[in-house]
Amino acid sequence: MIYLITGGERSGKSSYAQNVALELSATPMYVATARKWDGDFQKRIDRHQSERDENWTNIEEEKNLSQIDFKGRVAIIDCVTLWLTNFFVDTKNDVELSLALAKAEIEKLALMEDTTILIITNEIGMGVHAETHIGRKFVELQGWVNQFIAKKADKVTFMVSGLPMQVK
């Protein structure tokens, strides 16, 4: 099962996903897609890690999510925006190639059996209009990938101010 949890920045997505994962499993998995870009980002990673106890299995994977053994597990993938950033940077901002690579990974995840994967993403297109051309290209990429995942997902929740709204 794929369960997409979307919303704006600091809307409560991660907390909600962690609560759902713990309702479904005593030993969930957490997959972090972030690269450690700088000290501030490391602090954010440290804060997120401190929110999970020893019952969690923590995995770091920047792009190749389909190589993780999810069988029989409940897992959170956090988050699509950071995951897409890795593709976007590595392809030198090639939207079409990044989109194809991301879709291929999601297709593989959707075929996995005996697993529940909660995917966290951001609705960055609902925020401030990107100032740069590359920023606008990334917003488009994010929107297209979010739509693709939502179509594949069995369930979609939109978070608003810490409140879950069931979309699908």
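Definitions and cut-offs
Residues numbered from 1 in each chain as written. Predicted model: local features only at pLDDT ≥ 70, side-chain atom pairs only at ≥ 80, totals over all residues. Heavy atoms only, no water. UniProt positions renumbered as here; feature names shortened; annotations may be inferred. Salt bridge = Lys/Arg side-chain N within 4 Å of Asp/Glu carboxyl O. Helix = DSSP H or I, 4+ residues; strand = E, 2+ residues; numbered from the N terminus. Buried < 20%, exposed > 50% of the residue type's maximum accessible area, 1.4 Å probe, protein only. Core = buried A, V, L, I, M, F, W, Y, C linked by side-chain atoms within 4.5 Å. Contact = heavy atoms within 4.5 Å. Phe/Tyr/Trp six-rings, centres within 6.5 Å; stacked < 30°, edge-to-face > 60°. pLDDT = per-residue confidence, 0-100.

The chain is annotated in an unreviewed UniProt entry as Adenosylcobinamide kinase from Flavobacterium bernardetii. Taken from UniProt, the Function (unreviewed entry) comment for the chain reads in full: "Catalyzes ATP-dependent phosphorylation of adenosylcobinamide and addition of GMP to adenosylcobinamide phosphate." The heading Sequence similarities (unreviewed entry) in the UniProt record of the chain holds the text "Belongs to the CobU/CobP family."

1. So, the pattern of salt bridges
In total, this model carries three salt bridges according to the counting rule given. The residue Lys63 makes a salt bridge to Asp90 at a minimum N-O spacing of 2.7 Å. With Lys63 in the loop between β3 (57-60) and β4 (74-78) and Asp90 in helix α3 (residues 80-90), this residue pair connects regions lying 27 residues apart in the sequence. For Lys63, a relative accessible area of 22% gives the class partly exposed. Of the charged contacts, one joins Lys152 and Glu107 as a salt bridge, the two residues approaching to 3.0 Å between their closest N and O atoms. Of the two residues, Lys152 is situated in helix α5 (residues 133-152) and Glu107 in helix α4 (residues 95-111); the sequence distance between them amounts to 45 residues. Classification of Lys152 as partly exposed rests on a relative accessible area of 31%.

2. Side note on the nonpolar core
With 28 residues, the main nonpolar core has Phe70 and Ile119 as its most contacted residues. Those elements giving two or more residues to this core turn out to be β1 (2-7), β2 (29-32), β4, α3, α4, β5 (116-120) and α5. Excluding residues that lie within four positions of it along the chain, Phe70 makes contacts with Met29, Val31, Leu65, Ala75, Ile77, Leu109, Met112, Asp114, Thr115 and Ile117.

3. Some words on the packing of aromatic side chains
Inspection of every chain in the model, using the stated rule, returns three aromatic pairs. Geometrically, the ring pair formed by Tyr30 and Trp56 is edge-to-face, given 6.5 Å between the ring centres and 75° between the ring planes. Of this pair, Tyr30 sits in strand β2 while Trp56 sits in the loop between α2 (39-50) and β3, and the two are 26 residues apart along the sequence.

4. Description of the confidence of the model for the chain
Residues of the chain with pLDDT of at least 70 account for 95%, and the chain-wide mean is 92. Per-element confidence in the chain is highest for β5, whose mean pLDDT is 98, and lowest for α2, whose mean pLDDT is 70.

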